[in-house]
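Remarks on the overall topology
Residue-level listing of the chains:
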Amino acid sequence: MLSRRSFFKTAGLGAAVAATASFPTEFFSWAEPQRATQPGGPILLNSNENAYGPFPSVLALKNPFQDANRYPDRVYDALIERIADLHKVKADHVTLGCGSTEILKLAASAFTGPGRKLVMASPTFEAIGFYAQATKAEVVKIPLASSYAHQLTQMAQAVGKDGGLIYICNPNNPTASLTPRRSLENFIRELPSNTYVLMDEAYHDFVPVSADYISFLQTPVNDDRVIVARTFSKIYGMAGLRLGYAVTSAQNTKTLAAHKLEDSTNILALRAGMTSLDHDDEHKAAVQRNGFDRDEFMHQGASRKLQVIPSWTNFVMFNTQRPIRTVIDHFKKSNIRIGRPFPPMDTFARISLGKPDEMKAFWQAWDRL
Ligand SMILES: Cc1ncc(COP(=O)(O)O)c(C=O)c1O
């Protein structure tokens, strides 16, 4: 089976785009030697990856393969403890996954099935819909509101008497938008006991301080129906290593474990995850750098009078006012990959923030369009 990313990957290689950054380079210097793309390969603004790579402390790990001949139990347990400490929960509330995609799959397997629906937004991150379909669950998609927030009342109503799972992606992929915390709390309070909520906080770290956003790990609602998913793929730049986790009640953790592949997280990813969590300074720098890149995108978009959806993430969506396929093809000719179409937003482009020189190439290509 093709992976989600390969499936949507567009073929073709061309010349590298030479562009010089007009940004304060010292701000980015620690990550400059790391390029996400091969020389001459495409500029990848299509998968919401972190263009700068893993934290410097991870890249500096001495001999990370030292015990790759051993099963990862010891590092696995240590990372569970570390994450439990971080979120002030007991270790039996934490599940590690091969990326947060595994968490999504586990939740679909555990909490949906014949007669137990999965309710999700449209458009949103789609993977869980496919996993729920595989359990023979009915998948119900509720369009986002005009503010691009989840329509929570409609989502709650759609579950029906047999319950199931509601998937909330906050901030949402692909729209980069928020669903306000207060409305989420009211919604959870009203849900029937047979309905679970998967709160996908993949982009949590990129959200600036806002009255509308508090993570459900930072301030939990003390409700056993809530499962929170996080990933090391975004702020920590570890998408290729595959590491994510869930925090939920001890009972749900047990339920998820029954569906889990033993040792689905490898020792390199575990060690890199542990090291990342030990470096708050690098986390802070990565958050700042993303804020800088996002502000610059907004500035460039505004100077071209583009309708950009306010972004709370490391990617941005805007209305190109053209059929998105033609926009994607145009960028492909410039050796730049942008996000795929997200129906029904058929004129919107999703752009993952790249490094300054990559974004400069992006804007040059946009101006040619
Ligand atoms: C909202 C959301 N959740 C989960 C994932 C999966 O991330 P991973 O499996 O790399 O942790 C992604 C990836 O793009 C995403 O956008």
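Below, the structure is looked at part by part. Since the structure is predicted, the reported quantities are computational estimates derived from the model, not experimental observations.

A count of helices and strands for the chain gives 12 helices and 12 strands. Within the chain, contacts between residues separated by at least 24 positions form 75% of all contacts whose residues are at least 6 apart in sequence. As presented, the chain carries roughly 16900 Å² of accessible surface, and 53% of it is formed by carbon and sulfur atoms.

What follows deals with the nonpolar core. Ranked by size, the top nonpolar core spans 50 residues in total, and within it Ile 168 and Phe 187 carry the most contacts. Inspection of this core shows a minimum of three residues originating in each of domain 1 (4–55 + 280–368) and domain 2 (73–277). Apart from residues lying up to four places away in sequence, Phe 187 is in contact with Leu 152, Ala 156, Ile 166, Ile 168 and Val 197. The next biggest cluster of nonpolar side chains, apart from the first, holds 23 residues, and it includes Leu 106, Phe 111, Ala 137 and Leu 198.

Our next topic: the environment of Thr 135. With respect to the secondary-structure elements, Thr 135 resides in the loop between helix 5 (127–134) and strand 4 (139–143). In this structure the C-alpha to C-alpha distance between Thr 135 and Gly 113, which are 22 residues apart in sequence, comes to 4.8 Å. At a separation of 3.4 Å, a polar atom in the side chain of Thr 135 contacts the main-chain amide nitrogen of Ala 137.

To continue, consider the site of the ligand. Taken together, 16 residues surround the ligand, and among them Thr 101, Asp 200, Tyr 203, Thr 231 and Ser 233 come closest. Within the contact set of the ligand, a nitrogen atom lies 2.6 Å away from a side-chain nitrogen or oxygen of Asp 200. Measuring from an oxygen atom of the ligand, one finds a side-chain N or O atom of Thr 231 at 2.5 Å. Burial of the ligand by the protein chains amounts to 99% of its free accessible area of 390 Å². Elements with a contribution of two residues or more to the shell around the ligand: helix 1 (4–8), helix 4 (100–111) and strand 5 (164–169).

Turning to the sheet that holds strand 5, a few remarks are in order. Overall, mixed pairing links the seven strands, which are arranged 2-8-7-6-5-3-4 in an open sheet. The sheet is open, and its two edges are formed by strand 2 (94–97) and strand 4, each paired on a single side. Across this sheet, the average inter-strand angle for adjacent strands is 20 degrees, counted without regard to direction. Bridge count for strand 3 (residues 117–122) against strand 5 is three bridges, and the pairing is parallel. Pairing of Lys 117 across the sheet is with Gly 164, part of strand 5. On top of the sheet, helix 4 reaches strand 2, strand 5, strand 6 (195–200), strand 7 (226–231) and strand 8 (244–247); it is set at about 120 degrees to strand 2, its chief contact.

The N-to-C vectors of helix 10 (residues 280–303) and helix 12 (residues 356–368) enclose an angle of 15 degrees; their axes lie 11 Å apart at closest approach. On the basis of their axis angle, the class for helix 10 and helix 12 is roughly parallel. Classified by chirality, the crossing of helix 12 by helix 10 is right-handed. Of the residues in helix 12, those in contact with Asp 293, Phe 297, Gln 300 and Gly 301 of helix 10 are Pro 356, Met 359, Phe 362 and Trp 363. Class assignment for the residues of the contact of helix 10 with helix 12 results in five nonpolar, two polar and one charged.

What follows covers the environment of Pro 220. Relative to the helices and strands, Pro 220 resides in the loop between strand 6 and strand 7. Of the residues examined, Pro 220 reaches a relative accessible area of 52% and is grouped as exposed.

In this section: the sheet that holds strand 12 (residues 348–352). Strands sit in the order 9-10-12 across an open sheet of three strands; the sheet is antiparallel. At either end of the open sheet lies a strand with only one pairing partner, and these are strand 9 (307–308) and strand 12. The pairing of strand 9 with strand 10 (residues 315–319) spans two bridges and is antiparallel. If you follow Val 308 over to strand 10, its bridge partner there is Phe 318.

Along its 13 residues, helix 12 runs 18 Å from first to last C-alpha, staying within 8% of the 18 Å computed at 1.5 Å per residue. Among all positions of helix 12, only Pro 356, Asp 357, Glu 358, Met 359, Ala 361, Phe 362, Trp 363, Ala 365 and Trp 366 are buried.

Let us now look at the packing of aromatic side chains. Under the definition given, this model contains 12 aromatic pairs. For the pair Phe 331 and Phe 362, a centre-to-centre distance of 4.9 Å together with 5 degrees between the ring planes defines the contact as stacked. Of the two residues, Phe 331 sits in helix 11 (residues 324–333) while Phe 362 sits in helix 12, which places them 31 residues apart along the sequence. A relative accessible area of 1% places Phe 331 in the buried class. For the pair Phe 362 and Trp 363, a centre-to-centre distance of 4.9 Å together with 80 degrees between the ring planes defines the contact as edge-to-face. Overall, the relative accessible area of 0% leaves Phe 362 in the buried class. Taken together, Phe 297, Phe 318, Phe 331, Phe 362, Trp 363 and Trp 366 form an aromatic cluster joined through their ring pairs. If you follow Arg 350 out to its NZ or CZ, it ends over the ring of Phe 315, 5.8 Å from the centre.

For a regular strand, the rule is simple: side chains alternate between the two faces of the sheet. Only one face of strand 4 is covered, namely the face carrying Val 140 and Ile 142; the face carrying Val 139, Lys 141 and Pro 143 is uncovered. Relative to strand 4, strand 3 runs parallel, the two being bridged by five bridges. From the neighbouring strand, Met 120 faces strand 4, where its bridge partner is Lys 141. Handedness of the β-α-β unit built from strand 3, helix 5 and strand 4 comes out right-handed.

Quick notes on the rules
Residues numbered from 1 in each chain as written. Predicted model: local features only at pLDDT ≥ 70, side-chain atom pairs only at ≥ 80, totals over all residues. Heavy atoms only, no water. Helix = DSSP H or I, 4+ residues; strand = E, 2+ residues; numbered from the N terminus. Contact = heavy atoms within 4.5 Å. Areas by Shrake-Rupley, 256 points an atom, 1.4 Å probe, with all protein chains shown as cover. Core = buried A, V, L, I, M, F, W, Y, C linked by side-chain atoms within 4.5 Å. Buried < 20%, exposed > 50% of the residue type's maximum accessible area, 1.4 Å probe, protein only. Domains from an automatic or database assignment. Polar contact = N/O pair within 3.5 Å; in protein donor to acceptor, adjacent residues only side chain to side chain. Near = heavy atom within 4 Å. Pairing = 2+ DSSP bridges. Axes fitted to C-alpha atoms, helices over the stretch in contact; angles between N-to-C directions. Parallel < 35°, antiparallel > 145°, perpendicular 65-115°, else oblique. Left-handed = near helix turned anticlockwise from the far one by under 90°. Nonpolar A, V, L, I, M, F, W, Y, C, P; charged D, E, K, R; others polar. Expected span 1.5 Å × (residues − 1). Phe/Tyr/Trp six-rings, centres within 6.5 Å; stacked < 30°, edge-to-face > 60°. Lys NZ or Arg CZ within 6 Å of the ring centre and 35° of its normal. Right-handed = clockwise from strand over helix to strand, strands pointing away.

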